[in-house]
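Each chain, letter by letter, is given below.
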Amino acid sequence: MFLYLMRHGHAEDFAPSDGERSLTEKGRARSQEAAEAFLIEKKWDLPNKLVSSELRRAAQTAEIVKDILGIRDLKFVDVQVLLNWESMRTYLSDEPILFVGHQPALGAIIEGLTGQAVRVKKASIHKLDYDPILDKASYIDFIE
């Protein structure tokens, strides 16, 4: 089963709270470019479900990606859910899934599943081939 892990796009530096930080124009553009690359350049298997942090910058990224990829099942979850693999895996099924979250959690999850340390840039999407029996994954590719 394919897992896609995406970091939110570039966000403004300041807001009344961290959770209210919105995407910048650059963040919107890069999120759109990554989603378009998913479809056009990579031609990856489309996820049926998108699970995103509820923090504004991740939610905005998820909405952009959802619209471009045509995903109908979008769920916003407390940011704490996306901080560890045990809570994230409760959203898995047999179908490809895309998670939109934050660093450093995404990098730690990728390393924990694959044994491989990767750089997780803003608006990047990482593709893993996950084996639910072994609870391990192989790192396949990325979009930056």
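Structure first, text after, so check above.
Residues numbered from 1 in each chain as written. Predicted model: local features only at pLDDT ≥ 70, side-chain atom pairs only at ≥ 80, totals over all residues. Heavy atoms only, no water.

(A) Highlighting the pairing of strand β4 (residues 97-101). With respect to burial, β4 is a largely interior element, 5 of its 5 residues being buried. In β4, alternate side chains face the same way, and those of Ile97, Phe99 and Gly101 on one face and Leu98 and Val100 on the other are all buried. Of the pairings in the sheet, the one linking strand β1 (residues 2-7) to β4 comprises 5 bridges and is parallel in character. Bridged to Tyr4 within β4 is Leu98. As judged from the 4 bridges shared by strand β2 (residues 49-53) and β4, these two strands associate in the parallel manner. Within the sheet, the bridge partner assigned to Leu50 lies in β4 and is Leu98. (Buried < 20%, exposed > 50% of the residue type's maximum accessible area, 1.4 Å probe, protein only. Helix = DSSP H or I, 4+ residues; strand = E, 2+ residues; numbered from the N terminus. Pairing = 2+ DSSP bridges.)

(B) Region of the structure containing the pattern of salt bridges. Evaluation of the coordinates by the stated rule reveals 10 salt bridges. We note a salt bridge from Asp18 to Arg21, for which the minimum N-O separation is 3.0 Å. Under the relative-accessibility criterion, Arg21 is labelled buried at 17%. Glu33 is paired through a salt bridge with Arg30; the nearest N and O atoms lie 2.9 Å apart. Taken together, the positions of Glu33 and Arg30, both in helix α1 (residues 25-42) and 3 residues apart, correspond to about one turn of that helix. What makes Arg30 buried here is its relative accessible area of 19%. (Salt bridge = Lys/Arg side-chain N within 4 Å of Asp/Glu carboxyl O.)

(C) A look at the side chain of Lys127. Within the secondary structure, Lys127 sits in strand β5 (residues 125-131). One buried charged residue, Lys127, remains without a salt bridge, the closest side chain of opposite sign being Asp45 at 5.7 Å. Each residue touching Lys127, except ones within four places of it in the same chain, is listed here: Phe2, Leu3, Tyr4, Trp44, Ser138, Tyr139, Ile140 and Asp141. (Lys, Arg positive; Asp, Glu negative; His and termini not counted. Contact = heavy atoms within 4.5 Å.)

(D) Looking closely at the packing of aromatic side chains. With the rule as written, the count across this model stands at 4 aromatic pairs. Geometrically, the ring pair formed by Tyr4 and Trp44 is stacked, given 5.4 Å between the ring centres and 15 degrees between the ring planes. Of this pair, Tyr4 sits in strand β1 while Trp44 sits in the loop between α1 and β2, and the two are 40 residues apart along the sequence. Here the two residues Tyr4 and Trp44 agree in accessibility, since each one is buried. Measuring from centroid to centroid gives 5.3 Å for Trp85 and Tyr130, while their planes differ by 65 degrees, and the two rings are edge-to-face. With a gap of 45 residues between them, Trp85 in helix α3 (residues 85-88) and Tyr130 in strand β5 connect regions that are remote in the sequence. Take Trp85 and Tyr130: they sit in the same class, and that class is buried. Each member of the aromatic cluster is reached from another via a ring pair, and the members are Tyr4, Phe38 and Trp44. (Phe/Tyr/Trp six-rings, centres within 6.5 Å; stacked < 30°, edge-to-face > 60°.)

(E) Geometry of the packing of α1 against helix α2 (residues 56-69). Taken N-terminus to C-terminus, the directions of α1 and α2 make an angle of 35 degrees; their axes are 9 Å apart at the nearest point. The way α1 lies across α2 gives a crossing that is right-handed. Of α2, the residues touching α1 (which contributes Arg28, Ser31, Gln32, Ala35, Glu36, Phe38 and Leu39) are Gln60, Thr61, Ile64, Val65, Ile68 and Leu69. Looking at the contact of α1 with α2, its residues break down into 7 nonpolar, 4 polar and 2 charged. (Axes fitted to C-alpha atoms, helices over the stretch in contact; angles between N-to-C directions. Left-handed = near helix turned anticlockwise from the far one by under 90°. Nonpolar A, V, L, I, M, F, W, Y, C, P; charged D, E, K, R; others polar.)

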